[in-house]
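Residue-level listing of the chains:
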Amino acid sequence: MANLIVHGGKPLSGTITPSGNKNAVLPILCATLLTDEPVTLSNVPAITDIEKLVRFFRELGSRIDWDREAKTMRLDHSDLGSDFDPQTLPQGMRSAVLLFAPLLQRFKEIHLDSNPKGCALGIRELDPHLEILTCLGAKVAHNGELKLSIADTFKAASHWADYMSVTTTETFVMAAATGNGVSTLTNAASEPHVQDLCRFLQSMGAKIEGIGTSVITVTGVDSLSGTEAAISSDHHEVATFLALGAITRGDVRITHSVPQHFDLINRSFAKLGVAIDYEGDTAICGPQQTLKVQQPFTSNLLPKIEAAPWPYFPVDLLPPMVALATRAEGVMHFWNKVYEGGFAWLPELVKFGAHAVVSDPHRVIIFGQRPMRPAEVEAPYIIRAAVALYMTAASIEGRSIVKNADPIRRAHPHFAENLRKLGAEIEWDE
């Protein structure tokens, strides 16, 4: 694991082009297994989770040409073998569960030795995925190992999910796309990356209705074709760099920002005294920010940012907003309605001098504008918690170290390089 060495206290200024959306490209890559025809993708970010998937595909017999510099990838799965070794299933990434439906469609039976794991946000359930697959005709057995099978293809069904799970919704659309009949998922997730996967499947010939809503209907087709598609910009990365501009009192511009995804995110920035402007699709965090918490009209009520499944404020963006709140004047209440471990990293933030009161596993109160100091902190295996620790260090004059910051590379392929373009003094200590 590598450490980030940070010399903070300098305003970050300049223009950044965001990476392709990690949470879109991973399910899209899994969905390419649903066709034997070539698929070409552009704006593919060179992140570690993609490296793991590409290695897995090649071990299956896929032909993949990946030009990392040009951010393009061509995949051809027409020569896959008759089975696969479960030991090769990518480990250490939550998106491995997204392989279940495509692998079942191809091989009809798969055996898994261990549960896929992702970041340290809390318990990540397999049950909703297995429930969806069972509902669509798969058989699930567990006796020391997990065995999944289907007779021929997935069968049409209607399912009302317990909650709006992104990866469960993606499992549903991939399984139902080549299933037999019309399938409906109620309480479906609608995040931008879920919409991206659905549109990608449509470009392959899938019949999907209700994209961007909580009810998705899929009419199965006999087969899916090859296609060409571009990965959309990562709205999480856009918001992260805007937050970095704000916390360092800099002047940061982010191109290709997909403004229609940012209405609620921008209003949340405004609650912390940060105004985001636009020139076309370029988002701008200028230097004249008040960084003062906006008070609600209701008396005796703490200002609050709540995170939950889209179209709520994205839960992945809570850590950067928490970091920003430590440098803002006032008090802000944060509520993570998804992960019970979402605030477990706050003791590391406190090492900088931040004043944080944890109400319970889902809620925290940040008292901003306290005296802050450089520190050596330990990053958890949570991508944007590691980023939030870097953000805090970048706002404090002096040398800080964010230890074990490698999780950042799971989402930001050129994190340090982009920051240096903005004037940051940062380096990886390998």
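Residues numbered from 1 in each chain as written. Predicted model: local features only at pLDDT ≥ 70, side-chain atom pairs only at ≥ 80, totals over all residues. Heavy atoms only, no water.

Colleague: What is the right way to read the overall build of the chain from this model?
Modeller: When its secondary structure is counted, the chain shows 12 helices and 23 strands. For 430 residues, the compact-globule formula gives about 22 Å, and the C-alpha radius of gyration of the chain, at 22 Å, lands near that figure. Viewed in the frame of its principal axes, the chain has a C-alpha envelope of about 65 × 45 × 45 Å. Per-residue burial over the chain gives 57% buried out of 430 residues. Here the chain holds 38 positive side-chain charges and 48 negative ones, and the gap between their average locations is 5 Å. (Helix = DSSP H or I, 4+ residues; strand = E, 2+ residues; numbered from the N terminus. Rg over C-alpha atoms; globule rule 2.2 N^0.38 Å. Buried < 20%, exposed > 50% of the residue type's maximum accessible area, 1.4 Å probe, protein only. Lys, Arg positive; Asp, Glu negative; His and termini not counted. Charge placed at Lys NZ, Arg CZ, Asp CG, Glu CD.)

Colleague: In this structure, what is going on with the sheet that holds strand β4 (residues 63–67)? I would like to understand it.
Modeller: Across a sheet, strands are paired by hydrogen bonds formed along the backbone, either parallel or antiparallel in direction. Taken together, the four strands give an open sheet; going across it, the order is β4-β5-β3-β13, and neighbouring strands pair in mixed fashion. Bordering the open sheet on either side are β4 and β13 (227–230), each of which pairs with just one other strand. Averaged over all pairs of adjacent strands, the angle between their axes in this sheet comes to 10°, without regard to strand direction. Across five bridges, β4 lies against strand β5 (residues 72–76) in antiparallel orientation. Residue pairing for β5: Ile64 is matched across the bridge by Leu75. Packed onto the sheet, helix α2 (residues 48–60) meets β4 and β5 and runs at close to 150° relative to β4. (Pairing = 2+ DSSP bridges. Axes fitted to C-alpha atoms, helices over the stretch in contact; angles between N-to-C directions. Contact = heavy atoms within 4.5 Å.)

Colleague: Would you take a moment to explain the pairing of strand β19 (residues 355–360) for this structure?
Modeller: Within a regular strand, the side chains alternate between the two sheet faces. Bridge count between β19 and strand β20 (residues 363–367): five bridges; the pairing is antiparallel. In the strand pairing of β20, Val357 is matched with Ile365. Two successive antiparallel strands, β19 and β20, enclose a turn made up of two residues.

Colleague: Looking at this structure, I do not really get the sheet that holds strand β9 (residues 158–160). What am I missing?
Modeller: Taking strand neighbours across the sheet as the criterion, the four strands line up as β9-β10-β12-β11 in an open arrangement whose pairing is mixed. Each of the sheet's edge strands pairs with one partner strand only, and the pair in question is β9 and β11 (207–209). Within the sheet, the average angular offset between the axes of one strand and its neighbour, ignoring direction, is 15°. Relative to strand β12 (residues 215–219), β11 runs antiparallel, the two being bridged by three bridges. Residue pairing for β12: Glu209 is matched across the bridge by Thr217. Taken strand by strand, helix α5 (residues 166–177) contacts β10 (182–186) and β12, and its axis lies near 20° from that of β12.

Colleague: Is there a simple way to think about the environment of Asp406 in this case?
Modeller: Inspection of the secondary structure assignment puts Asp406 in the loop between β22 (398–403) and α12 (415–421). Excluding anything up to four places from it in sequence, Asp406 contacts Met1, Ala2 and Trp428.

Colleague: Which parts of the structure should I look at to understand the pattern of salt bridges?
Modeller: For side chains bearing opposite charge, pairing can occur when the charged atoms are close. Per the counting criterion, the structure on display carries 15 salt bridges. Here Arg63 makes a salt bridge to Asp76, at a shortest N to O gap of 2.5 Å. Taken as a pair, Arg63 in strand β4 and Asp76 in strand β5 lie far apart in primary sequence, 13 residues in all. On the basis of relative accessibility, which here comes to 6%, the residue Asp76 falls in the buried class. A salt bridge links Asp360 to Arg363, with the shortest nitrogen-to-oxygen separation between them at 2.7 Å. Overall, Asp360 belongs to the partly exposed group, its relative accessible area being 22%. Linked through salt bridges whose partners overlap, the residues forming this network are Arg63, Asp76 and Asp79. (Salt bridge = Lys/Arg side-chain N within 4 Å of Asp/Glu carboxyl O.)

Colleague: What exactly am I supposed to notice about the packing of aromatic side chains here?
Modeller: In this description, an aromatic ring pair is defined by two values, namely the gap between the centres and the angle between the planes. Taken as a whole, this structure holds three aromatic pairs when the rule is applied. On the basis of an interplanar angle of 45° and a centroid distance of 6.4 Å, the ring pair of Phe241 and Phe415 is categorised as tilted. Taken as a pair, Phe241 in helix α7 (residues 235–247) and Phe415 in helix α12 lie far apart in primary sequence, 174 residues in all. Looking at Phe241, the relative accessible area reads 1%, which means it is buried. When its relative accessible area of 2% is taken as the criterion, Phe415 is described as buried. (Phe/Tyr/Trp six-rings, centres within 6.5 Å; stacked < 30°, edge-to-face > 60°.)

Any functional reading would require information that these geometric values do not contain.
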